[in-house]
Each structure stands twice: as C-alpha cells, then as structure tokens.
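Letter by letter, the chains look like this.
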Amino acid sequence: MFPKPKPLLVPNTYAYESEPMVKATGFREYDARWLFGKEINLMGIQALGMGLGALIAELGQKQEIVTGHDFRGYSASIKYALMTGLMAAGCKVHDIGLAVTPMAYFAQFDLDVPCVAMVTASHNDNGWTGVKMGASKPLTFGPDEMTRLKEIVLNAEFKNKAGGSYQFHENYPARYIADLTNRPKLKRKLKVVVACGNGTAGAFAPQVMEAIGCEVIPLDTELDHTFPKYNPNPEDMEMLHAIRDAVLEHKADVGLGFDGDGDRCGVVDNTGEEIFADKVGVMLARDMSAVHKDATFVVDVKSTGLFVTDPVLQKQNAKTTYWKTGHSYMKRRTNELKALAGFEKSGHFFFNAPVGRGYDDGLVSAIAICEMMDRAPGKTMADLKEALPKTWSSPTMSPHCADETKYGVVAAVVKHFEDAQKKGDKVAGQSIRDLVTVNGVRVTCEDGSWGLVRASSNKPELVVVVESPVSEARMHDMFEAMNVVLRTHPEVGAYNQTI
C-alpha cells in the first residue's frame, strides 16, 4: 500500500521524507502546477505518477507513455519520481530526456505512444513545477480528466501492478529537429532574432530556424535555469523589450520569443513593436486562407473581432469559431472541427495538417510566420501588421473575485446580457448583434465593438477584455457597459489595471 497524500508536511522532518504531500489546488483545469517543496514533495510526485497510470487504465488506453522534462534545476528529479509512480502502476515509460513540451507531443506520434506526461512549469517562475498530460494524441487533459486524476491521487485509489518498464531514447531531439526542418528552404533571406530567455527552447530553436534558411541572431539562448535576465515568457514586457532592442540593433526582419517550455512564440516586428498574438493569428489566417480555400479557424473568446470582420478573410471565405480560453479547450475544439488552425490570445497556436499535427508548438508557429513573410517578399512584418484594419483593444483586465464566488457572478452576468438581448435593450447605446456564451459572455454590438467577461481559470479573479473597430471612445463605452453590470455584484473587487 502507498500512503494517502497529506495536504501539508513540513520540510526537514521525518514525515516529509516518508509520506507523500500533495496540495489539492495544484490540480488545475487542464494541467497540474505546484510550488515544489512547499505544495508537493517527491513522494507526492510519485503518487501523481501512480494516479496517472491508474487513470490511463481506467480510460481504456494502453499503459504506454512519453515523458520529458524542461530545463530547471529540479525538473529531472521530479521526472524520475513521476516515472517510478508510472512504472509502479504498470506503465511502459518512454523517456526522451530534456525537451520542449511539443517535442513530447511529437514523440507520441513518432514513437506511436498514446499518452504523454511532460514535466514543466511552462513560463512560471523558478520554484514552480508541473505536468502537462494527455491520453489521446494530440489532445491534453481537460477538466473531466483532471478532476478524476485529483480524486485518484488524493484518495490513494492506486491500482499498482507488475509489468512497468523503462526505455530511454538517446539523442531524441535530432528526430524532432529533422521533422521540423524537412521542408523547402525559405526563398527570402530573413534575419531573425531568436530569443529564449535562457529557457529550454534555447537548445533547439536557433538550429531549427537556421535549417529552414534564416540568418539567426541568438538572444539569451544559452541554457541557464537560474533565468539570470528575466523569466522566459513572451507576454512579459521585459522579454519583449530585450527582443525589441536586439531587432533594432541588428536591423532584423522579425524577433521571435519562445516561452520556458517552447509551446508559445511571441512576435516583435522590424520596427521593434510587439504584435499581440491574436493579431498575429489574423495575419496567419489571411496568409493560410489564401493558400487553403474555405479554411476554418478556431480562436479563443479573448481574441480580436477581426477574425469575423476582416474584409480579406471574408473575401477568402474563411470561417471562424470563437471558443473557450485555455490550451486544452482550444486544442480539442480545433481537432473536433478539423480546423486548419486554432489561435489563442496567449500565443498557443494549433496547426492541423498540412502545417502541423494539431498540438501547440512555438517552433511550428515560428516557421509559419517565416513562411508567411516568404510569401510576401516585398513587405516587412510591420507592413503586414499595418495592412490589418485598425482596432482599439484593451489589455486583459482582472478584477478580484474569490474562487468560491467567481463562477456564480459570471453566470449572473451571462443571464443579464441574455435577458437584455431578448428584450432588445441597448448596450453602450447599440443593439446586441451577437452573444457568445461558451466561456463567460462576449457581447458584440452592431458596430463590431465587443466586451468579454469570464472567470479566470487559475486565479481568484475575473477576466475583462474590450475592443472596438470604430474608435478609442467606443472601446471605453464598451468597458463602461461591462463594468456597470459587474459593479452590481459586491463580490467583484478592484482591477489589477484598467484602460
């Protein structure tokens, strides 16, 4: 028997070394993340492996799994603890060593292995660890699987048995890099800043971009798990400013920044300006729908309305569905609809055939961006961005709202706008053109201005985003319209930032 995990144990004690500790909050909607040492210990990770092995069997899947780990000082030890749990549950483990997350997804296809458990804390600060998991390629777990995994682990419902085994795949990155670079070289000579923030992608991204024909300016590509400059997250201004400075210094065509586990790619144009991921998605959708007729795209509800209103996409008969925010939700929906691609505002992009295999890979995104520029030889990245219709967009604004009450508040806000639409009430002075309620509520007015309210998946807060294709004033009108409704709920606190 293996002991039932405790929610809290004190380090440097007998109990900490002899019992599993697993804090329940580490099980998120679509992956798992803990502060290592404070919220989970190595025996707790072992329990997670046993629970995952039991869940794989419960799902009727073959107990065979790919594992890899990101570049942090403690990730290898966490992976080995996870593997002992998986093997105790009867799994055959395929270890690909140090890897970016998409390399583990690729290995599921390449090695014909159904399941994956990638040890990574993604772009979280040092101290965090986590596991991204799936049991049906190219998908990763959603809320149903994560809830059941939590039950199995916390209640020690393990089904351990003999038969587990281990195989290490030597020099595995070469297979991944060969797969990515098995394509015609770019005709256009592009000078590209490749920024990795000293994270895992630094071991692979520069040689991939060189192999497709780019002149690479490496920026913080040396592996260093202390992250001496900044956290590798292409949504953080520190990393974006470092990319901007390198682009301007070297007169580069584009700057590409990769997050800690390499499944996202941020973009800085040739003038040093950041291009938000949803706008990059519109640019890629324009490019791809010109090549692939009647293309379907999936985007998350936080993304720009240009996917529906852009005249180029309309002319090319591209169709777009808005869906729930979150890489697992988006991946699943892109797969279900057999869409050409899915674009999430956080920078997770999902390309189906012929571009990709349906999972999020920052390097596949980077290659798609370079190929888009290759197909527009007379235009700079800034030209492609400026060709989009102008919109006025807010950043993500997050008012505090306790985890216990946030979903109830959002349900009430959804009902408010559904009732308003039925009664013909105006929002920000206009009729409601469209309501999307797959993830909170996204209210679009007649002129295309829209506002979104949803619950954050991983923090005690709401998410509010507004945009207008008309004017900055209309963007402010939409914010006021959403905020007035939120202020009828005393549970909603102060914003982290507003426009």
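What counts and how
Here the residue numbers are simple positions, counted from 1 along each chain's written sequence. In view of the model being predicted, local features appear only for residues whose pLDDT reaches at least 70, and side-chain atom pairs are presented and counted only at 80 or more, with totals across whole chains, interfaces and linings using the full set of residues. Here the side-chain values reflect all heavy atoms present in the structure, with hydrogen atoms and water set aside. Two strands form a pair only when DSSP identifies at least two bridges running between them. Secondary structure elements follow DSSP: runs of H or I of four or more residues count as helices, runs of E of two or more count as strands, with numbering from the N terminus. Contact criterion: two residues are considered in contact whenever any of their non-hydrogen atoms come within 4.5 Å of each other. A fitted line through C-alpha atoms serves as each axis, taken over the contacting stretch for helices, and the angle formed by two N-to-C directions is quoted from 0 to 180°. Each salt bridge in this description consists of a side-chain nitrogen of Lys or Arg and a carboxyl oxygen of Asp or Glu lying within 4 Å of one another. Partly exposed describes any residue whose relative accessible area lies between the buried limit of under 20% and the exposed limit of over 50%, with all areas from a 1.4 Å probe on protein chains only and scaled to the type maximum. Definition of nonpolar core: a set of buried residues of the types Ala, Val, Leu, Ile, Met, Phe, Trp, Tyr and Cys, connected through side-chain atoms within 4.5 Å.

## Regarding the sheet that holds strand β8 (residues 215-219)
Strand order in the open sheet formed by 5 strands is β8-β7-β9-β10-β11, with mixed pairing between adjacent strands. Bordering the open sheet on either side are β8 and β11 (274-275), each of which pairs with just one other strand. By the bridge criterion, 2 bridges tie strand β10 (residues 265-268) to β11 in an arrangement that is antiparallel. Looking at β11, one finds that V267 is bridged to I275. Those strands touched by helix α13 (residues 362-374) are β7 (191-195), β9 (254-258) and β10, and its axis lies near 170° from that of β9.

## Overview of the pattern of salt bridges
In this structure the tally under the stated criterion is 31 salt bridges. For R357, the salt bridge identified is with D179, shortest N-O distance 2.9 Å. Remark: D179 occurs in helix α6 (residues 172-181) and R357 occurs in the loop between β15 (349-351) and α13; sequence separation between them is 178 residues. By relative accessible area, which is 32% here, R357 ends up partly exposed. For D447, the salt bridge goes to R474, with nearest N and O atoms at 2.8 Å. Here R474 lies in helix α16 (residues 472-486) and D447 lies in the loop between β18 (441-445) and β19 (450-455), a separation of 27 residues in the sequence. Given the relative accessible area of 10%, R474 is considered buried. Connected through salt bridges with shared partners, the residues E58, R148, E151 and E157 form a single ionic network.

## Considering the nonpolar core
Counting residues in hydrophobic clusters, the biggest one holds 76 residues, and the most contacted among them are M209, L256, F258, L284 and F343. Counting residues per element, this core draws most heavily on α13, at 9 residues. For L256, the residues in contact, after removing those within four places along its chain, are V192, V193, V194, A195, M209, C265, G266, V267, A366, I369 and C370. Listed in part, the 37 residues of the second largest apolar core include M43, A54, A81 and L82.

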